[in-house]
Amino acid sequence: MGDNLLFERADGVATITLNRPDKLNAFTTELHRELAAALDAIEGDGSIRAVLLTGAGRGFCAGQDLGERAAVMAAGGKIEGGKALETWYNPLVRRLRRLEKPVVCAVNGVAAGAGANIALACDIVLAARSASFVQAFAKIGLVPDCGGTWILPRLLGPARARALALTGEPLPAEKAEAWGLIWRAVDDAALMSEAHGLCAAFAAAPTVALALTKRLIDESWGNDLDTQLDLERESQREASLTPDCAEGVRAFLGKRPPVFTGRRGL
Ligand code: T3D
């Protein structure tokens with residue numbers, strides 16, 4: 001993929017490792033390009049049934065590389081943050097949410113700015129106990145982005161969301177778990193084995209049902225109960241017609257573990 005990112009595919013799992021450890025994996029345009037290419041590969045590969053996103057070194061991701069912005073200012077230019085959101089960050093968050101496979105984020109260290117909110121855009125967030133989540137934006141005169149102003153109040157309520165965003169105070173992983181922001185904080189040494197275990201289970205799961213479940217939960221935020229019930233009916237119709245559903249029922253009745261293929265049809 002390039003030097004800024006490691007990309008591996010094995011046993012139905014794609015692992016993406018942001019790889020600029022000296023800069024806490026901050027996003028440059030080149031890193032964005034490589035990540036977009038990795039997501040293209042994942043979307044086009046039906047054998048991939050789960051995605052693991054993590055960072056190299058002691059940090060997960062420190063958001064936008066501010067050195068890149070400083071270089072623009074040094075050359076007499078101005079920072080125009082809206083452009084980066086339109087070109088890179090917003091498409092990335094949309095792709096993570098719409099990807100028809102579960103995305104597990106293993107937050108191995110500090111996740112700041114866009115890095116924090118990209119982690120929160122993944123389906124399941126595991127974090128090392130030493131990790132923290134920092135809405136760093138206000139400290140440099142910016143507003144939270146990458147969906148932070150949408151997800152934080154929904155998961156934490158407005159009081160905690162406002163305080164985190166306005167102060168930029170780090171939220172340690174254990175508190176993030178206690179507050180319901182992430183799935184689980186785990187011992188640092190156990191992070192990657194837990195994340196791999198989860199991804200291996202997803203790679204053997206009924207992929208279509210998981211993709212439909214992911215969509216149902218996302219769409220519920222904007223729906224009333226009646227609309228959501230209709231959407232569940234349509235999604236259940238689709239799920240129930242997959243070979244994995246037939247296999248799941250047969251395996252249950254046969255008292256044996258199911259063998260799911262993740263396919264839509266035969
Ligand atoms: O214009 C647009 O694109 C709009 C979109 C914006 C999206 C955003 O993400 S805005 C927010 C940008 N991110 C930040 O403001 C976070 C900046 N970083 C920090 O506040 C701290 O580094 C951390 C709290 C994340 C971690 O602190 P600490 O003490 O553990 O590490 P450190 O010493 O500050 O950083 C280690 C190295 O990484 C250091 O480099 P050096 O001095 O050893 O060569 C530091 O400069 C570098 N680094 C950390 N964050 C960034 C970075 N370099 C470039 N950009 C960064 N964001």
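Coordinates for the structure precede this section.
Asks: I would appreciate a short explanation of the environment of Leu231 in the present structure.
Replies: Mapped onto the elements of the fold, Leu231 is located in helix H10 (residues 225–240). For Leu231, a relative accessible area of 17% corresponds to the buried category. When neighbours within four sequence positions are excluded, Leu231 is seen to be in contact with Arg215, Leu216, Glu219 and Asn223.

Asks: Sorry if this is basic, but what is going on with helix H8 (residues 191–203) here?
Replies: Structural remark: α-helix, 3.6 residues per turn; residues separated by three or four positions point the same way. Over its 13 residues, H8 extends 18 Å from the first C-alpha to the last, a length consistent with the 18 Å expected when each residue adds 1.5 Å. Burial in H8 covers these residues: Leu191, Ala195, Cys199, Phe202 and Ala203. Buried residues in H8, looked at end-on, bunch into an arc of 100 degrees, giving them a common side. Its buried side turned inward, H8 meets strand S2 (13–18), strand S3 (50–55), strand S5 (103–107), strand S7 (124–128), strand S10 (184–186) and helix H9 (207–220).

Asks: What is the right way to look at the site of the ligand in this model?
Replies: Inspection of the region around the ligand gives 23 residues, with Lys23, Gln64, Leu66, Arg69 and Ala114 positioned closest. In this structure, Lys23 approaches the ligand through a side-chain N or O atom, which is 2.8 Å from an oxygen atom. Gln64 is positioned with one of its backbone polar atoms (N or O) 2.8 Å from a nitrogen atom of the ligand. Expressed as a share of its isolated accessible area of 1,100 Å², the protein-covered part of the ligand is 66%. If you list the elements that add at least two residues to the shell around the ligand, you get helix H2 (66–74), helix H3 (81–98) and strand S6 (110–112). When its residues are assigned to classes, the shell around the ligand shows 13 nonpolar, four polar and six charged.

Asks: Explain the side chain of Thr28 here, please?
Replies: Structurally, Thr28 is set in the loop between S2 and helix H1 (29–43). Note on Thr28: relative accessible area 11%, which makes it buried. A polar contact is formed between the side chain of Thr28 and the backbone nitrogen of Leu31, at a distance of 3.1 Å. Residues in contact with Thr28, not counting those within four places in the same chain, are Asn4, Arg20, Asp65 and Glu68.

Asks: When you look at the sheet that holds S6 in this model, what are you seeing that I'm missing?
Replies: Sheet strands pair by backbone hydrogen bonding; their relative direction is either parallel or antiparallel. Taken in spatial order, the four strands make up an open sheet running S4-S6-S8-S9, and their pairing is mixed. Either end of the sheet is taken by a strand with one partner, and the two such strands are strand S4 (59–61) and strand S9 (171–172).

Definitions and limits used
Residues numbered from 1 in each chain as written. Predicted model: local features only at pLDDT ≥ 70, side-chain atom pairs only at ≥ 80, totals over all residues. Heavy atoms only, no water. Helix = DSSP H or I, 4+ residues; strand = E, 2+ residues; numbered from the N terminus. Buried < 20%, exposed > 50% of the residue type's maximum accessible area, 1.4 Å probe, protein only. Contact = heavy atoms within 4.5 Å. Expected span 1.5 Å × (residues − 1). Arc of directions from axis to C-beta. Near = heavy atom within 4 Å. Polar contact = N/O pair within 3.5 Å; in protein donor to acceptor, adjacent residues only side chain to side chain. Areas by Shrake-Rupley, 256 points an atom, 1.4 Å probe, with all protein chains shown as cover. Nonpolar A, V, L, I, M, F, W, Y, C, P; charged D, E, K, R; others polar. Pairing = 2+ DSSP bridges.

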